[in-house]
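# Reading the structure
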Amino acid sequence: MAERGQPPPPTKRLCCRPGYGSGARPGQQVDAIGLSSGALCAGPSSAAAAAAALGLLPLGKTQSPESLLDIAARKVAEKWPFQRVEERFERIPEPVQRRIVYWSFPRSEREICMYSSFNIGSEDPTTAPPGGGGTAPSGGADAAENRLPFRRGIVLLDDGCVDNVLQVGFHLSGTVTEPAMQSEPETVCNVAISFDRCKITSVTCSCGNKDIFYCAHVVALSLYRIRKPDQVKLHLPISETLFQMNRDQLQKFVQYLITVHHTEVLPTAQKLADEILSQNSEINQVHGAPDPTAGASIDDENCWHLDEEQVQEQVKLFLSQGGYHGSGKQLNLLFAKVQEMLKMRDSNGARMLTLITEQFMADPRLSLWRQQGTAMTDKYRQLWDELGALWMCIVLNPHCKLEQKASWLKQLKKWNNVDVCPWEDGNHGNELPNLTNALPQGANANQDSSNRPHRTVFTRAIEACDLHWQDSHLQHIIRSDLYTNYCYHDNTENSLFDSHGWPLWHELLHKGVTSITNLEGWVGHPLDPIGTLFSSLMEACRVDDESFHAFSDFTENMGQCKSLEYQHPPAHKFLEEGQSYLTLAVEVALIGLGQQRIMPDGLYAQEKVCRNEEQLISKLQEIELDDTLVKIFRKQTVFLLEAGPYSGLGEAIHRESVPMHTFAKYLFTSLLPHDAELAYKTALRAMRLLVLESTAPSGDVSHPHHVASVVPNRYPRWFTLSHVESQQCELASTMLTAAKGDVRRLEIVLESIQKNIHSSSHIFKLAQDAFKIATLMDSLPDITLLKVSLELGLQVMRITLSTLNWRRREMVRWLVTCATEVGVYALDSIMQNWFTLFTPTEATSIVATTVMSNSTIVRLHLDCHQQEKLASSARTLALQCAMKDPQNCALSALTLCEKDHIAFETAYQIVLDAATTGMSYSQLFTIARYMEHRGYPMRAYKLATLAMTHLNLSYNQDTHPAINDVLWACALSHSLGKNELAAIIPLVVKSVKCATVLSDILRRCTLTTPGMVGLHGRRNSGKLMSLDKAPLRQLLDATIGAYINTTHSRLTHISPRHYSEFIEFLSKARETFLMAHDGHIQFTQFIDNLKQIYKGKKKLMMLVRERFG
């Protein structure tokens, strides 16, 4: 609508008096009169009758049949622009014009809803209330509804806020009062709507709404006109009214108009007057004048009003948010709106998608990601996939015109040639065959696309432009369920079929059905054919309240349609007996999920396969299975098991075929209550994971069913392997849970797990799951399931025995717990075969120790004989481990054998034998201290002397951890007597070069008499040992020598900041020197030597003189 004070826009069609430049043909006036007579006979029809004829009232509520005038006017109003009506008839009676204008306004609220709201949880506005999202709780969804323009518009209408409604020709105006809020006063909005052929073509509202959708005020006015058409003042187009005025009336009309709105229109009025009075002005070169109320011209495109600028701004805003603030959700809702438009056959679907795509292509992140070599985010990648799929829907629309498709193709190629256009596979270049090249019309048209190095998200849509609905194959498929040509020898179209009567589409259709050479699966396909077909069929069988057949009732009850049920509606004539859309939907989903398909290359493509499979299964899980659907499940499952290479559940599959674990788990849980044998057969078949097998299955390569044998044996890049293995584990766990109490099936499941699962962590999880199920608190333990758990645990032990696994200790402890639950014989068995399950350290420190603990004995309720037998096995294990790994197991073996003298002596002898070869001083010192603690001081002394032979402490290792062990060994020797001390001191002198350690030992040895404290704490009488005699003389000389050597070593690289520390070191050295009878002389000579040798270090030597003279 033209703004006030502005000249009418030139896009409005020009109107003139009847007969002046109308182009009416002779003989047409009779038709007009005839049409008029019908109008005079019929009179205005009631709104109720009109609504009933349109299907807007439920059956049984129609009051009277429509008049012929209304029927004709309604059809004309839907299809013809009003200019064509004027050109066809020289004179159109006013009643006829009124009925055409009356019926030209939209009659359905569906479109109003579509252009004013997103949809919550449904693509169909008749089945779910519009809203901002599909996952919010019901309370949140209700709140979102109330804020939406469509819902708010209904409230405004119901509250009587719409007033001053006036329809002038094809223009509707009115005021809508917005009630006062807490922070805002009451406002009155002026609304103007133009319409043509039952579509709103433009809207204006003084509220200043800036959004993609119509504001609530436009909704309120539109619904007022739809629901209360008889309360709307209806006038013919303003040009018709002006035609009826004479010159004086026209002048009065113009002057009054200028007077009322002089401040707004006076400049424009004067400008127009000047142009009209000028003979050569442009305005005088054409007949008639624009009329914004006169409807559309023949050349005008008939489409609903869409604010293109707002679409672009909103998409740009969402993209700039980078996935934050729910922008990804908003973009998905925009895509859903495009789908809704396509479903309604609204041409704005393609228009809106074009605007969205332009903003996507202009996203600056595309260039940034390409420059940095980084992949786009997963959510953003999914949006591009949706974009490409929607363009496929656009170009494959059977109702589109050839010129439209040509325009789309040109635009798609333009986008496709942009460097930053995302690639289809998301992983930079997986070449797939062009399926349309075999079609006659596609041989040349796709030449350029087939030569492109990479397929983009638009490539499929570009290829689809060459497809047409008149294709021979497609027509055969549409006409016949079983599409084969058995008479191909005599058929004129035999070139379209192979020797078996199968159709040839680039020779891939046949291959896709009978072998795995079809690289693209239906589930995970960029176009999601199975998901799309499933959703379409499910939509057809959706059952809701009868009141929803009338959209007017829908808008009154829109908040009450949250949950939907799926039933088997009556079969249509083109469905076979017993079939329904629901059964077909389920069957389609099962066929697609069970198709054997190669795992695609690239992380994104593989994740998409998994994601689409889970999404489809999630939709299936919403359906409650009845007897009919159970039959479908049985039928399809048996077919998949026997279908050969077509099926992912067939006997022979490709090594890189997508695993069926997730699908099989769903089939298993669905079939288990109805056909347990079939359920287990399916799940067990699906357990395989050939990609992890070392060799591919062998077979006869000449037979088409043995496809896997010709595949190169290589390890592919499965980025989703961890997810695949976890799904395999989930399937196995589900079977274990279901098989509880069934010995035969538990054995079969166990065998399948041991054969097919290669991950130790997943086997361990299954073992834990089985253990939990077998030992539920509310029932007695299931011994068979416990044995299965134990067997799986033993397999984990064997797998991880020679590999590093951070959970290994947890696994060992759990296995002992499991074996304890199984019984004493299981514990004895794992100890007898420990070398195949555990390392020696694990066997002694965890297994044997736990077995011999009091808690285990109490848990097993063992008698004395059983306890001794179990302990004997543990001691035997300990000795064997000590023999194999004495360094780590000797101490544990001694501890475990304490109560058996023979075993203890054997363990001690093992330690002695290993002491001279494989054991370190720290290990020997540890065992020696243990021996002293157990009351074997002589054995402790023996081991300490052996440890000393392995020790070597240099002059600067005064903080070495072995110092405490050396001091303890000397103290032990000193306590045992002079002979023991004399024997160990030479070892100390040989092994220890650290002066401070030697001086510490020397002082300790001079404080008490050797053997002063006996074995039983009795004091022995005796004299202190002399420093002038062996063995302390040897120790004293070694200590003095160590101080001298250490001093020279320190002075070699000393720095001034260490001078004070060095002086303190010399003070300690002097104390040791003075312990000898000539120590004072020796120390003085030592200091003099230092002064002479290191006289260059003047400051240091000055400090030495100050302290020592």
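Preceding this section is the structure that the text describes.
In this text the structure is predicted, and so the values were computed from the model without any measurement.

It is worth spelling out the overall build of the protein chain at this point. Across its full length, the protein chain carries 49 helices and 9 strands. Taking all 1109 residues of the protein chain together, 48% fall into the buried category. Excluding contacts between residues fewer than 6 apart, the proportion of contacts in the protein chain whose partners are at least 24 apart in sequence is 71%. By element, 53% of the accessible surface of the protein chain is carried by carbon and sulfur atoms, the whole surface being about 55500 Å².

Moving on, we come to the pairing of strand β2 (residues 162-168). Where a strand is regular, its side chains alternate between the two sheet faces. For β2 and strand β3 (residues 171-178), the ladder comprises 5 bridges, and the chain directions are antiparallel. Residue pairing for β3: leucine 166 is matched across the bridge by serine 173. The antiparallel pairing of β2 with β3 creates a hairpin that spans 2 residues between the two strands, and glycine 169 there sits at a positive phi of about 60°. Both β2 and strand β6 (residues 233-235) contribute to a ladder of 3 bridges, which runs parallel.

This part covers the sheet that holds β2. Read across the sheet, 5 strands follow the order β5-β4-β3-β2-β6 without closing on themselves; strand pairing throughout is mixed. Looking at which strands have only one partner, the edges of the open sheet turn out to be β5 (199-205) and β6. When strand polarity is set aside, the average angle formed by the axes of neighbouring strands in this sheet is 20°. In this structure, β3 lies alongside strand β4 (residues 187-196), joined through 8 bridges in antiparallel fashion. Among the inter-strand pairings, histidine 171 is bridged to a residue of β4, identified as serine 194.

This brings us to the packing of helix α29 (residues 676-686) against helix α30 (residues 721-738). Remark: α29 packs on α30, axes separated minimally by 10 Å, with the N-to-C direction vectors making an angle of 150°. Judged by the inter-axis angle, α29 sits roughly antiparallel to α30. Seen along the crossing, α29 lies across α30 with a hand that is left-handed. Between α29 and α30, the contacting residues are Tyr680, Ala683, Leu684 and Ala686 on the first element and Leu731, Met735 and Ala738 on the second. Class assignment for the residues of the contact of α29 with α30 results in 7 nonpolar, no polar and no charged.

Those residues of helix α35 (residues 824-832) that sit buried are Ala826, Leu827, Asp828, Ile830 and Met831. Looking at the buried side of α35, the elements it contacts are α33 (783-800), α34 (808-822), α36 (840-851), α37 (854-860) and α38 (864-884).

To continue, consider the nonpolar core. Formed by 178 residues in total, the largest nonpolar core has its most connected members in Leu736, Phe838 and Leu943. Ignoring anything within four residues of it in the chain, the contact list for phenylalanine 838 reads Met797, Leu801, Arg808, Val812, Leu815, Ile830, Ala843 and Val847.

Next up on the list: unusual backbone geometry. The backbone of aspartate 528 shows a phi angle near 50°, a positive value even though the residue is not glycine. With respect to the element layout, aspartate 528 can be found in the loop between α22 (509-514) and α23 (529-540). Exposure remark for aspartate 528: the relative accessible area of 26% places this residue in the partly exposed category. One non-glycine residue with positive phi stands out, namely histidine 861, at about 55°. Looking at where histidine 861 falls in the secondary structure, it is placed in the loop between α37 and α38. The exposed category is assigned to histidine 861, whose relative accessible area is 67%.

Moving on, we come to the pattern of salt bridges. A complete count under the given rule lists 37 salt bridges for this structure. Glutamate 539 serves as the salt-bridge partner of lysine 343, at 2.4 Å between the closest nitrogen and oxygen. Here glutamate 539 lies in helix α23 and lysine 343 lies in helix α14 (residues 327-343), a separation of 196 residues in the sequence. Taking the shortest distance from any N to any O, the salt bridge between glutamate 730 and lysine 765 comes out at 3.8 Å. Of the two residues, glutamate 730 sits in helix α30 while lysine 765 sits in helix α32 (residues 760-774), which places them 35 residues apart along the sequence. Where salt bridges share partners, they join Glu424, Arg455, Arg460 and Glu463 into one cluster.

Glancing now at the packing of helix α40 (residues 901-915) against helix α41 (residues 921-933). Any two packed helices are characterised by how steeply their axes cross, that is the angle between the axes, and by the distance between the axes. At a minimum axis separation of 12 Å, α40 and α41 run at an interaxial angle of 150°. Classified by the angle between their axes, α40 and α41 sit roughly antiparallel to one another. As for how α40 packs across α41, the hand of that crossing is left-handed. Residues Phe904, Tyr908, Val911 and Ala915 of α40 lie in contact with α41, whose contacting residues are Leu924, Ile927, Tyr930 and Met931.

Two aromatic rings are characterised by how far apart their centres lie and by the angle between their planes. Under the criterion given, the structure shown has 26 aromatic pairs. Taking 5.0 Å as the distance between ring centres and 90° as the angle between the ring planes, the aromatic pair formed by tyrosine 102 and tryptophan 103 counts as edge-to-face. Here tryptophan 103 falls in the buried class, since its relative accessible area comes to 2%. Pairing phenylalanine 170 with phenylalanine 195 gives two aromatic rings, centres 5.9 Å apart and planes at 55°, and the pair type is tilted. Here phenylalanine 170 is found in the loop between β2 and β3, whereas its partner phenylalanine 195 is found in strand β4, with 25 residues between them in sequence. For phenylalanine 170, a relative accessible area of 2% corresponds to the buried category. For phenylalanine 195, a relative accessible area of 2% translates into the label buried. By the ring-pair criterion, three or more aromatic residues cluster together here, those being Phe335, Phe360, Trp369, Tyr380, Trp384, Trp391, Trp415 and Phe458. Positioned over the ring face of tyrosine 102 is arginine 99, at 4.2 Å from the centre of the ring.

This next bit is on a nonpolar patch on the surface. Together, Phe253, Val254 and Leu257 make up a nonpolar patch on the protein surface, roughly 230 Å² of accessible area in all. You can see valine 254 is positioned in helix α11 (residues 247-260). Overall, valine 254 belongs to the partly exposed group, its relative accessible area being 40%.

This part covers the environment of leucine 649. Its location among the elements puts leucine 649 in the loop between α27 (627-642) and α28 (661-671). Judged by relative accessible area, leucine 649 falls into the buried class, the value being 0%. As a C-alpha pair, leucine 649 and threonine 637 span 12 residues in sequence and 8.7 Å in three-dimensional space. Residues contacting leucine 649, with those up to four places away along its chain left out, are Gly594, Leu640, Leu641, Met660, Phe663, Leu667, Thr682, Arg685, Ala686 and Arg688.

Right, let's talk about the state of the cysteines for a bit. Going through the model one piece at a time under the given rule, you end up with 0 disulfides. Left without a disulfide partner, cysteine 881 is nearest to the cysteine sulfur of cysteine 889, which lies 5.1 Å away.

Below, the discussion takes up the environment of isoleucine 623. Within the secondary structure, isoleucine 623 is located in the loop between α26 (603-621) and α27. In this structure the C-alpha to C-alpha distance between isoleucine 623 and valine 586, which are 37 residues apart in sequence, comes to 9.0 Å. In contact with isoleucine 623, not counting residues within four places along its chain, are Phe534, Met538, Leu582, Val586 and Leu629.

Analysis parameters
Residues numbered from 1 in each chain as written. Predicted model: local features only at pLDDT ≥ 70, side-chain atom pairs only at ≥ 80, totals over all residues. Heavy atoms only, no water. Helix = DSSP H or I, 4+ residues; strand = E, 2+ residues; numbered from the N terminus. Buried < 20%, exposed > 50% of the residue type's maximum accessible area, 1.4 Å probe, protein only. Contact = heavy atoms within 4.5 Å. Areas by Shrake-Rupley, 256 points an atom, 1.4 Å probe, with all protein chains shown as cover. Pairing = 2+ DSSP bridges. Axes fitted to C-alpha atoms, helices over the stretch in contact; angles between N-to-C directions. Parallel < 35°, antiparallel > 145°, perpendicular 65-115°, else oblique. Left-handed = near helix turned anticlockwise from the far one by under 90°. Nonpolar A, V, L, I, M, F, W, Y, C, P; charged D, E, K, R; others polar. Core = buried A, V, L, I, M, F, W, Y, C linked by side-chain atoms within 4.5 Å. Salt bridge = Lys/Arg side-chain N within 4 Å of Asp/Glu carboxyl O. Phe/Tyr/Trp six-rings, centres within 6.5 Å; stacked < 30°, edge-to-face > 60°. Lys NZ or Arg CZ within 6 Å of the ring centre and 35° of its normal. Patch = residues over 30% accessible without salt bridge, like charges linked within 9 Å, V, L, I, M, F, W, Y side chains within 5 Å. Disulfide = S-S within 2.5 Å.

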